[in-house]
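# Commentary on secondary and tertiary structure
Below, each chain spelled out in residue letters.
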Amino acid sequence: MCDNLLNHAIDSGINYVDTADCYGDSEEKIGKALSARRKDFYLSTKIDERDGAGVRKKLDRCLKRLNTDWIDLVFFHDVRGSEYDRIFSTGGLEILEKAKKQGQIREIGISIHHSLPMMKSAIESGAFSALMVAYSALDEDRLSSDLLPMARENGVGLIAMKPLAGGRLARPPSHLKLKTGESFAQICLRYVLSNPNITCAIPGMMELDELNENIQVGRYPRELNPEETRVLMECVGDAGKGFCRNCGYCIPCPEGVPIPDIFRFESYFERYGLKEWAVEQYQTLETKADACSECKQCIELCPYSVPIPEQLKIAHQTLQLSRK
């Protein structure tokens, strides 16, 4: 099934394939299915190491698992906190720059989930050709005013991950109806791609019907009409209530709880099927969700009215008890 989906995607005109070192056996599946037609598409993967030795080891593994001599775009995956400085100070960036000179990779990117200051620093650094950010109709107010235009002005490509907000926008409430004949997922994807600052989007596709829907969006681009925009915004209003956008306004937490990271791991567990990976990542955190003292400082800071202490308890139950 995976081979068929990937080859059908390339045959239909999709020319960008994204994966990551930590996405289970995704790299191996892509290498097996597409190595014979490597020149037909751009390939990107992501590495979660920061120091030189770790990056070199992971890059070698990526090349082997993807069954290729070169990777078009390699991202530093999910960079947060002090990790950004470590990319520069511990040799990780230097290793990728050497690999680029050797022809093993073509471009270097960085994936950042919630820190706007870090995103701006990455854009201004001149070290990265591409920035991957979570961008959907739910993220419009957080990103579009200055960050997305800033990337374009600096020649940094923008890869929009989670264009359906992690599946939260995949299906509208029953009272919201579309008359265009397209699915709500297609409308959400059209909205993201209509932003001139976005280079491309990477919606997840697990079934042939989902793939064909996305192909239609790319094949026949158009602006949303007023009715579609109205329905989308109504859905955004409903979905956005109590929904964590990983904006980071709630941190630092007095107890040191990394709130956005915990909610993101929970999302990977619940919506993306990466249960084992999400649990493993949660276990690496020095401070987990059960350290929350319910001081409610985060609630006062959150612009989206997320009941954070309550949701942290649920996330802890999901990610901690799943080990047993």
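You'll find the structure just up there.
Residues numbered from 1 in each chain as written. Predicted model: local features only at pLDDT ≥ 70, side-chain atom pairs only at ≥ 80, totals over all residues. Heavy atoms only, no water.

Below, the discussion takes up the overall build of the protein. On a plain count of helices and strands, the protein comes out with 15 helices and 7 strands. Taken over the C-alpha trace, the protein has a radius of gyration of 20 Å; the compact-globule value for 324 residues is 20 Å, and the two agree within 12%. Taken over the C-alpha atoms alone, the protein extends approximately 50 × 50 × 45 Å along its principal axes. Across the 324 residues that make up the protein, the buried fraction comes to 53%. Once local pairs closer than 6 in sequence are excluded, the contacts in the protein between residues at least 24 apart make up 75%. Within the structure as shown, the protein displays about 15500 Å² of accessible surface, and the carbon and sulfur contribution to it stands at 49%. Averaging the locations of the 41 positively and 47 negatively charged side chains of the protein gives two centres separated by 2 Å. (Helix = DSSP H or I, 4+ residues; strand = E, 2+ residues; numbered from the N terminus. Rg over C-alpha atoms; globule rule 2.2 N^0.38 Å. Buried < 20%, exposed > 50% of the residue type's maximum accessible area, 1.4 Å probe, protein only. Contact = heavy atoms within 4.5 Å. Areas by Shrake-Rupley, 256 points an atom, 1.4 Å probe, with all protein chains shown as cover. Lys, Arg positive; Asp, Glu negative; His and termini not counted. Charge placed at Lys NZ, Arg CZ, Asp CG, Glu CD.)

Next up on the list: helix H1 (residues 2-11). Burial in H1 covers these residues: Leu-5, Leu-6, Ala-9 and Ile-10. Viewed end-on, H1 has its buried residues packed into an arc of 130°, placing them on one side of the element. Exposed and facing more than 90 degrees away from the buried side of H1 are Asn-4 and Asp-11. Of the surrounding secondary structure, the elements contacted by the buried residues of H1 are strand S1 (16-18), helix H2 (26-34) and helix H10 (208-219). Taken from the residues just after H1, Gly-13 is the one with a positive phi, measuring 110°. (Arc of directions from axis to C-beta.)

This part is about the sheet that holds strand S3 (residues 71-76). With respect to topology, 7 strands assemble into an open sheet ordered S1-S2-S3-S4-S5-S6-S7, the strand pairing being parallel. Two strands in the sheet have a free side with no partner beyond their single neighbour: S1 and strand S7 (200-202). Ignoring strand direction, the axes of neighbouring strands in this sheet form an average angle of 25°. One ladder, built from 3 bridges, connects strand S4 (residues 105-111) with strand S5 (residues 130-134); its direction is parallel. Counterpart to Ser-111 in the pairing with S5 is Met-132. (Pairing = 2+ DSSP bridges. Axes fitted to C-alpha atoms, helices over the stretch in contact; angles between N-to-C directions.)

Before going further, it helps to examine unusual backbone geometry. A cis amide bond links Ile-251 with the next residue in sequence, Pro-252, at an omega value of 10°. On the secondary structure map, Pro-252 appears in the loop between helix H11 (226-239) and helix H12 (259-271). Although it is not a glycine, Asp-78 adopts a positive phi angle of roughly 50°. Tracing the sequence through the fold places Asp-78 in the loop between S3 and helix H4 (83-89). In this model, Lys-296 sits at a positive phi of 70°, which is unusual for a non-glycine residue. Note that Lys-296 resides in the loop between helix H13 (275-283) and helix H14 (297-301).

Turning our attention to the pairing of S3. Burial runs high along S3: 6 of the 6 residues are buried. As a crossover connection, the stretch from strand S2 (residues 42-47) through helix H3 (residues 52-65) into S3 is right-handed. For S3 and S4, the ladder comprises 5 bridges, and the chain directions are parallel. Bridge pairing links Ile-71 to Ile-105 in S4. (Right-handed = clockwise from strand over helix to strand, strands pointing away.)

Another aspect to go through is the nonpolar core. Judged by nonpolar contacts, the single largest core of 67 residues is most densely connected at Leu-59, Ile-71, Phe-76, Ile-110, Phe-128, Leu-131 and Tyr-135. Considering every element that reaches this core, the biggest residue donor is helix H9 (residues 184-193), with 7 residues. Those residues within four positions of Ile-71 in sequence are excluded, and the remaining contacts are Arg-38, Leu-43, Ser-44, Thr-45, Leu-59, Cys-62, Leu-63, Leu-66, Gln-104, Ile-105 and Arg-106. Residues Cys-253, Phe-265, Tyr-282 and Leu-285 belong to the second largest nonpolar core, which totals 27 residues. (Core = buried A, V, L, I, M, F, W, Y, C linked by side-chain atoms within 4.5 Å.)

So, about the side chain of Arg-190. Along the chain, Arg-190 turns up in helix H9. Among the polar contacts listed, one links the side chain of Arg-190 to the side chain of Glu-182, at a separation of 2.8 Å. (Polar contact = N/O pair within 3.5 Å; in protein donor to acceptor, adjacent residues only side chain to side chain.)

A separate point is the pairing of S2. When you tally the buried positions in S2, you get 5 out of 6 residues, the bulk of the element. One ladder, built from 3 bridges, connects S1 with S2; its direction is parallel. Bridging across to S2, Val-17 finds its partner in Leu-43. With respect to chirality, the unit in which S1 leads through H2 into the neighbouring parallel S2 is right-handed.

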